[in-house]
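Coordinate inspection notes
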Amino acid sequence: MPSDVNQLTLVGGHPALDLVNTLERGVPLDGEAPHDYLSDPSALLRWTVRIGLISDAEAERVRRAWRQDPGAAHAGLAAVRDIREALHLALLAAIPPENGGTAGDLVGRDGGDSVAAGAALVGLHERWSGAAARATLVLDRGERPQARLVYGTVAAMMIPDRIAETALDVLLTADLTRVRRCPVAEGGCGWLFLDQSRNGSRRWCRMADCGTTAKARRLTERRRAGRVGAK
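Residues numbered from 1 in each chain as written. Predicted model: local features only at pLDDT ≥ 70, side-chain atom pairs only at ≥ 80, totals over all residues. Heavy atoms only, no water.

Should their charged atoms come close, side chains of opposite charge can pair. This model, assessed by the stated rule, comprises 13 salt bridges. R25 is the salt-bridge partner of E85, the closest N and O atoms lying 2.9 Å from each other. Within this pair, whereas E85 is found in helix 4 (residues 70–94), its partner R25 is found in the loop between helix 1 (15–20) and helix 2 (41–50), the two being separated by 60 residues in sequence. D195 is the salt-bridge partner of R180, the closest N and O atoms lying 3.6 Å from each other. Here R180, found in strand 3 (residues 179–181), pairs with D195, found in the loop between strand 4 (192–194) and helix 7 (207–230); they are 15 residues apart in sequence, far enough to count as distant. Assigned by exposure class, R180 and D195 land together as buried. Three or more residues are tied together by salt bridges with common partners; here these are R25, D36, R81, R84 and E85. (Salt bridge = Lys/Arg side-chain N within 4 Å of Asp/Glu carboxyl O. Helix = DSSP H or I, 4+ residues; strand = E, 2+ residues; numbered from the N terminus. Buried < 20%, exposed > 50% of the residue type's maximum accessible area, 1.4 Å probe, protein only.)

For the rest of this paragraph, the subject is the environment of T177. Its place among the elements puts T177 in the loop between helix 6 (158–173) and strand 3. For the pair T177 and D195, spaced 18 residues apart in sequence, the C-alpha separation works out to 8.9 Å. Reaching out from T177, the side chain makes a polar contact with the side chain of D175 at a distance of 2.5 Å. (Polar contact = N/O pair within 3.5 Å; in protein donor to acceptor, adjacent residues only side chain to side chain.)

Counted by the stated rule, this structure contains zero disulfides. Counting only cysteine sulfurs, C205 is the nearest neighbor of C210, a cysteine outside any disulfide, at a range of 3.7 Å. Judged by its relative accessible area of 9%, C210 falls in the buried class. (Disulfide = S-S within 2.5 Å.)

What follows is about helix 3 (residues 56–68). Between its terminal C-alpha atoms helix 3 stretches 19 Å, which fits the 18 Å expected from 13 residues at 1.5 Å a residue. All buried positions along helix 3 are accounted for by E58, A59, V62, A65 and W66. Each buried residue of helix 3 sits inside an arc of 125° when the element is viewed along its axis, so together they form one side. Residues D56, A57, R67 and Q68 are exposed on helix 3 and point more than 90 degrees away from its buried face. (Expected span 1.5 Å × (residues − 1). Arc of directions from axis to C-beta.)

What follows is the structure, encoded as structure tokens:
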């Protein structure tokens, strides 16, 4: 996989799932820590623009605010990482084991997974509550006027607030029965994605990447087993 966030493949089908996938989720190599594509505030800023959560003009506002207060930049990055991991736990708890998850519903089971998912949801709600408190209610005029909340009105907190908004959106509006995890046990990367195939049969984040690699590995193993059996 690429090392830079600009080359990171977007496979989630929703910005919140693409956020989860900014950290390597497969089996670590040689005990190394998983690679974090959101390595610093600059990488976070580039990624947020790339997926369309903020505009170029908004990015410049954030850049100026973070330049004036570097502590706010690192606090924003820490907040986004916190949202990312809480969302990952909540979504894994929503995915049945056969699709790579940990259990049934978000908080409806006893045990460690349920407790962790429940705590994750509490944390996500707190992040969203803070974002909503900084949001502005505006009226869009037109043939059918409509009020809406605009998140990210405080430049230094714009990115974590927009991230909190999109994390809540996926939990409330996405069909969580369609969330899948690229199968680690079969050589997949562990990334999450929305299965938007007609019959719900998608198994890999991308067939051209993990699917092809896993198939090649299985073919190699079968050939090796055949050679051993022929001796």
